[in-house]
Amino acid sequence: MGIHETLTLRLGSLRREWKKRWLWQRRRILCLAAGGAAMALLGMPPLPVGPPPPAFASGTGDTGQSAAEVCLGCHGSEGMTLSFPSGETVSLLVDPQKFASSVHGKSLNCTDCHTGAQEIPHPQLKVKSRREYTLAQYESCKRCHFANYTKTLDSVHFDLISKGEMRAPICMDCHGAHDIQRSGEHRARISQTCARCHGEIYASYSRSVHGKAILNGGNTDVPVCTDCHQSHSIEDPRTASFRLRIPDLCASCHSDKVRMKKYGISTNVLDTYLEDFHGMTIALYRKQGFTQKALQAVCTDCHGIHDIQPTTGPGSLAMKANLVKVCQRCHGNVSENFPAAWLSHYEPSPKKFPLVYYVKLMYRIFIPFVIGGLILHIILHVWRMATNR
Amino acid sequence: MEKVETMLTEKETEKPQVPEFVVRFSVLQRLEHFVAMFLFLVLAVTGLPQKFYQASWAQWTIIFLGGIDWVRIIHRASGILFALLAVMHLGTILVGVLAGRIKPILIPTLKDFRDAIQQLRYYVGLSDEHPQFDRYDYKQKFEYWGLAFGGMVMITTGFILYLPNLATMYLTGELVPAAKVAHSNEGLLAFLVVIIWHMYGTHLNPDVFPMDTSIFTGKISRERMLHEHPLELLRSSASGSHPMDGGKGRSLEPQLAASAPARLQSANTPDQSREISSE
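Residues numbered from 1 in each chain as written. Chains lettered and ligands numbered in written order. Predicted model: local features only at pLDDT ≥ 70, side-chain atom pairs only at ≥ 80, totals over all residues.

**Here we look at the overall build of chain B**
Line of reasoning, step 1. Helix and strand content of chain B: 14 helices and 2 strands.
Line of reasoning, step 2. Among the 279 residues that make up chain B, the fraction classed as buried is 29%.
Line of reasoning, step 3. Within chain B, contacts between residues at least 6 apart in sequence are counted, and of these 65% link residues at least 24 apart. (Helix = DSSP H or I, 4+ residues; strand = E, 2+ residues; numbered from the N terminus. Buried ≥ 20, exposed ≤ 12 C-beta atoms within 10 Å, placed from the backbone. Contact = placed C-beta atoms within 7 Å.)

Written out as structure tokens, the structure reads:
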């Protein structure tokens, strides 16, 4: 069988497959029609109803193998290169082993993603550089991964691309192309992926209590980049709205009793923070929809951002000896007494902050005593008036 | 104790031309109450939502007032004004007492405690006579001193919270969270006392319902004066002028004036006579 005949056969089977899927797809589309119309009216990207998504593993097993073999007939061996007008020369070799062991190895064919390469010889590419080709190519991810694709539209990375910064990452930069693996399987690798561009931050992270635990000890309880920054809808962390969410972000783990028990860390940290002036202000700013940069301290201002250290260690900003300097960053030239104004996440007790504890206790007795007495006096007055009548 | 009230009522029926109202509060006192009331309201409205900021009503109030920053500005400005009012009040009294123009009649005496016990005995039915009060009864004195001490706590702790840098210059930092606990609890207590006790005494109390207007108009009816402050009425009759009348010499009860001193002597306990002897 010649190449062309195989291709025709393959396309025929694909068409049949698409038809089956299309019948199923139509039901879904009808359901989404109303929403789609509304979205179109609002100027949002239309639903991906263009070319139906390619078939998945279910019906393509054998034919898929053969179709990939067709491509690998040329792309499976060294020597083929492609030159871009930019002067870059790229090897067109695809490692069959790598692709087969990737998540898509059993479910997708080459042309499912390389839709422009269905004809042989392939049509002339209209891109000027390798990056431009990648940027054009990543559109094919959204045909299946539409939800995650839309999330990226809100990200700081997409924002950069739309402003012309072509180095900002798209799907393949983080996930790879032919060798895509499940991202959850190698947790440490997530941060290493970010490190390819954010090297300095990664270095700082890897020295932190969180970074050390996972990178040296394989501890999966600690956060990696995406736990705080999200994976697809990565927001600019310098914005006001991100800052206001930081306490909740940290609390998502630090209020988790099961996880914190392992390390003997208090889960009271959020509540005690919210009890205090800073936490209260931040919580209210969030409720108010505050849009300016909040100047109130959040977790990271005292504990550090990527370089968080245990509060018992000498490197910690929040350590008692260092605390006054941290306070002075915002509060001017305050005295050594000042940091004690913050209860260091402790609940007042006879041992810790006894003054606060006893003032609290005094009022807990005094208020009911006074108010109870006054109410009793009123009741007696009313009672006497009623009996007088 | 002699029944002063009954005797005065008898006299009143004989002499209907006696003025219907008595001036009880001077213009300055009325103004002072009004300003204190206004500031108290503003402080409560901007303070309580800060104490209970996690409740939805509190958040609604804060957002309604323009956000927490505005709420704090309003609260602190009113707090400073309240402190000024307190200083003025204290100053006036100090100067007045030193100059001999004002008598510190609000200072609690033994009679107040006896009155309170007598009042409770009357309420529970152990006695058929309720105590006879002078210008301020024990409830009013309690409220005054509650406000005075509460105000001092609020002002001191308020300034510690407002200027923590200054407060911790020489004092321990723990003072700041302690001040916060005290400020928020004392504020709540003050609010509850006003809402429960003061509102009952000046609005819901059947004697004055729907409202005791004397602190706004300065006037109180003779009837109520007779019922609530008979000793003061008697005393003013005795001296021929009302204590708050600015010494203009308007007699409230000319007919009573002649026989008043003798009655006062018998109506008052010895420790009380010290206060009123020169009025």
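**Overview of the overall build of chain A**
Line of reasoning, step 1. Regarding its fold elements, chain A presents 19 helices and 2 strands.
Line of reasoning, step 2. Across the 389 residues of chain A, 20% fall into the buried class.
Line of reasoning, step 3. Long-range pairs, those at least 24 residues apart, make up 57% of the contacts in chain A with a sequence separation of at least 6.

**Concerning unusual backbone geometry**
Phi is mostly negative for residues that are not glycine, and the peptide bonds are mostly trans.
Line of reasoning, step 1. Backbone torsion omega between isoleucine 120 of chain A and proline 121 of chain A reads 0 degrees, so that peptide bond is classified as cis.
Line of reasoning, step 2. In this fold, proline 121 of chain A is placed in the loop between helix 4 (110-113) and helix 5 (130-137).
Line of reasoning, step 3. Of note, the amide linkage connecting phenylalanine 209 of chain B to proline 210 of chain B takes the cis form, showing an omega dihedral of 5 degrees.
Line of reasoning, step 4. Mapped onto the secondary structure, proline 210 of chain B falls in the loop between helix 8 (175-204) and helix 9 (214-217).
Line of reasoning, step 5. The phi angle at phenylalanine 353 of chain A is positive, at roughly 55 degrees, despite the residue not being glycine.
Line of reasoning, step 6. By C-beta crowding, phenylalanine 353 of chain A is classed as buried, having 21 other C-beta atoms within 10 Å.

**Observations concerning the interface of chain A and chain B**
Line of reasoning, step 1. Taken residue by residue, the interface counts 33 residues in chain A and 32 residues in chain B.
Line of reasoning, step 2. Going through the elements one at a time, helix 16 (277-288) and helix 19 (354-388) of chain A are the ones with two or more residues in the side of chain A that touches chain B.
Line of reasoning, step 3. Here the side of chain A that touches chain B gets 16 residues from one element, more than from any other, and that element is helix 19 of chain A.
Line of reasoning, step 4. Of the residues in the side of chain A that touches chain B, the class split is 23 nonpolar, 7 polar and 3 charged. (Nonpolar A, V, L, I, M, F, W, Y, C, P; charged D, E, K, R; others polar.)

**What to know about the nonpolar core**
Line of reasoning, step 1. Of all hydrophobic cores here, the largest spans 34 residues; its most connected members are Leu284 and Tyr285 of chain A together with Ile160, Leu175, Val176, Ala178 and Ala179 of chain B.
Line of reasoning, step 2. Broken down by secondary-structure element, the contributors of at least two residues to this core are helix 13 (240-254), helix 16, helix 17 (299-303), helix 18 (320-331) and helix 19 of chain A together with helix 4 (68-99), helix 6 (138-162) and helix 8 of chain B.
Line of reasoning, step 3. Broken down by element, the residue count for this core peaks at 6 residues, all from helix 8 of chain B.
Line of reasoning, step 4. If sequence neighbours within four positions are ignored, leucine 175 of chain B has contacts with Ile160 and Ala167 of chain B.
Line of reasoning, step 5. Ranked by size, the runner-up nonpolar core spans 9 residues in total, among them Val22, Ile220, Met225 and Leu233 of chain B. (Core = buried A, V, L, I, M, F, W, Y, C linked by C-beta atoms within 7 Å.)

**So, the environment of valine 334 of chain A**
Line of reasoning, step 1. Here valine 334 of chain A is to be found in the loop between helix 18 and helix 19.
Line of reasoning, step 2. The residues touching valine 334 of chain A, leaving out its near neighbours within four places in the chain, are Cys327 and Gln328 of chain A together with Asn165 and Thr168 of chain B.

**A word on the packing of helix 16 of chain A against helix 3 (residues 56-64) of chain B**
Line of reasoning, step 1. Helix 3 of chain B packs onto helix 16 of chain A with a crossing angle of 70 degrees between their chain directions and a minimal axis gap of 10 Å. Judged by the angle between their axes, helix 16 of chain A and helix 3 of chain B are roughly perpendicular. Taking contact as the criterion, the partners of Leu284, Lys287 and Gln288 of chain A in helix 16 of chain A are, on helix 3 of chain B, Gln59, Ile62 and Ile63 of chain B.
Line of reasoning, step 2. Split into classes, the residues belonging to the contact of helix 16 of chain A with helix 3 of chain B amount to 3 nonpolar, 2 polar and 1 charged. (Axes fitted to C-alpha atoms, helices over the stretch in contact; angles between N-to-C directions. Parallel < 35°, antiparallel > 145°, perpendicular 65-115°, else oblique.)

**Notes on the environment of tyrosine 138 of chain A**
Line of reasoning, step 1. With respect to the helices, strands and loops of the structure, tyrosine 138 of chain A is situated in the loop between helix 5 and helix 6 (146-153).
Line of reasoning, step 2. Linking tyrosine 138 of chain A and isoleucine 170 of chain A, residues 32 residues apart in sequence, is a C-alpha distance of 7.1 Å.

**With respect to the confidence of the model for chain A**
Line of reasoning, step 1. The predicted model of chain A has a mean per-residue pLDDT of 83, with 82% of residues at 70 or higher.
Line of reasoning, step 2. Here residues 34-41 of chain A is modelled with pLDDT under 50, and outside its nearest four sequence neighbours on either side it reaches 4 contacts, counting other chains as well. (pLDDT = per-residue confidence, 0-100.)

**A look at the environment of glutamate 78 of chain A**
Line of reasoning, step 1. Mapping glutamate 78 of chain A onto the fold places it in the loop between helix 2 (57-75) and strand 1 (81-83).
Line of reasoning, step 2. By the C-beta count within 10 Å, which is 8 here, glutamate 78 of chain A ends up exposed.

**Structural notes on the confidence of the model for chain B**
Residue and element names in this part refer to chain B.
Line of reasoning, step 1. Of all residues in chain B, 79% attain a pLDDT of 70 or more, and the chain-wide mean is 83.
Line of reasoning, step 2. Within the model, the stretch residues 242-262 combines pLDDT values under 50 with 40 contacts to residues more than four positions away or in other chains.
Line of reasoning, step 3. Counting interchain partners and residues more than four positions distant, the pLDDT-below-50 stretch residues 265-279 has 23 contacts.
Line of reasoning, step 4. Note on the complex model: pTM 0.77, ipTM 0.80.

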